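Listed here are the chains, written in short residue letters.
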Amino acid sequence: MVFEPIIYNGKELIETGHFKEELYYKYRKNLDLVEDILESGVHQKKSKKKMIVIMPTKNGIWELVYAETIDELVLIHIKLRRR
């Protein structure tokens, strides 16, 4: 089975193993959530190479960490901080 790459703002979304574990197994979510966070969240520089996106929800605050290259958004970490 061949999967089509998921593109966001002209860049391919790349999931690290750690990110997949958190998104699919810990939170039981899918990439639709990631796209919502990227679209609706507030983007802030976390370090020289990483960005963090924060999006409030009724259960807390989603935090998504990614690194950006010319062609890719490398998804590194996702966390739900409960209120």
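Residues numbered from 1 in each chain as written. Predicted model: local features only at pLDDT ≥ 70, side-chain atom pairs only at ≥ 80, totals over all residues. Heavy atoms only, no water.

Looking at this structure, how should I read the overall build of the protein?
What the protein contains, in helices and strands, is two helices and six strands. N-terminal to C-terminal, the α/β element order of the protein is β-β-α-α-β-β-β-β. Taken over the C-alpha atoms alone, the protein extends approximately 40 × 30 × 20 Å along its principal axes. The 83 residues of the protein split such that 34% are buried. Considering only residue pairs separated by 6 or more positions, the protein has 39% of its internal contacts joining residues 24 or more positions apart. (Helix = DSSP H or I, 4+ residues; strand = E, 2+ residues; numbered from the N terminus. Buried < 20%, exposed > 50% of the residue type's maximum accessible area, 1.4 Å probe, protein only. Contact = heavy atoms within 4.5 Å.)

Help me understand the nonpolar core in this model?
As a rule of thumb, nonpolar side chains are buried together in soluble globular proteins. If you look at the biggest cluster of nonpolar residues, it comprises 19 residues, and the most contacted ones within it are V34, I37, L38, W62, L64, L75 and I78. Of all elements in the fold, only α1 (17–26), α2 (31–40), β4 (50–57), β5 (60–68) and β6 (72–82) reach the threshold of two or more residues within this core. When residues of this core are assigned to their parent elements, the largest contribution, five residues, is made by α2. The residues contacting V34, other than those within four sequence positions of it, are L13, F19, L23, L64 and L75. (Core = buried A, V, L, I, M, F, W, Y, C linked by side-chain atoms within 4.5 Å.)

Where do I start with unusual backbone geometry in this structure?
Negative phi values dominate among residues other than glycine, just as trans dominates among peptide bonds. A positive phi is found at N9, a non-glycine position, where the angle reads about 50°. Position of N9 relative to the elements: it lies in the loop between β1 (7–8) and β2 (11–15). The exposure class assigned to N9 is exposed, which follows from its relative accessible area of 64%. With a phi close to 55°, R28 is a non-glycine residue in the positive phi region. Residue placement: R28 occurs in the loop between α1 and α2.

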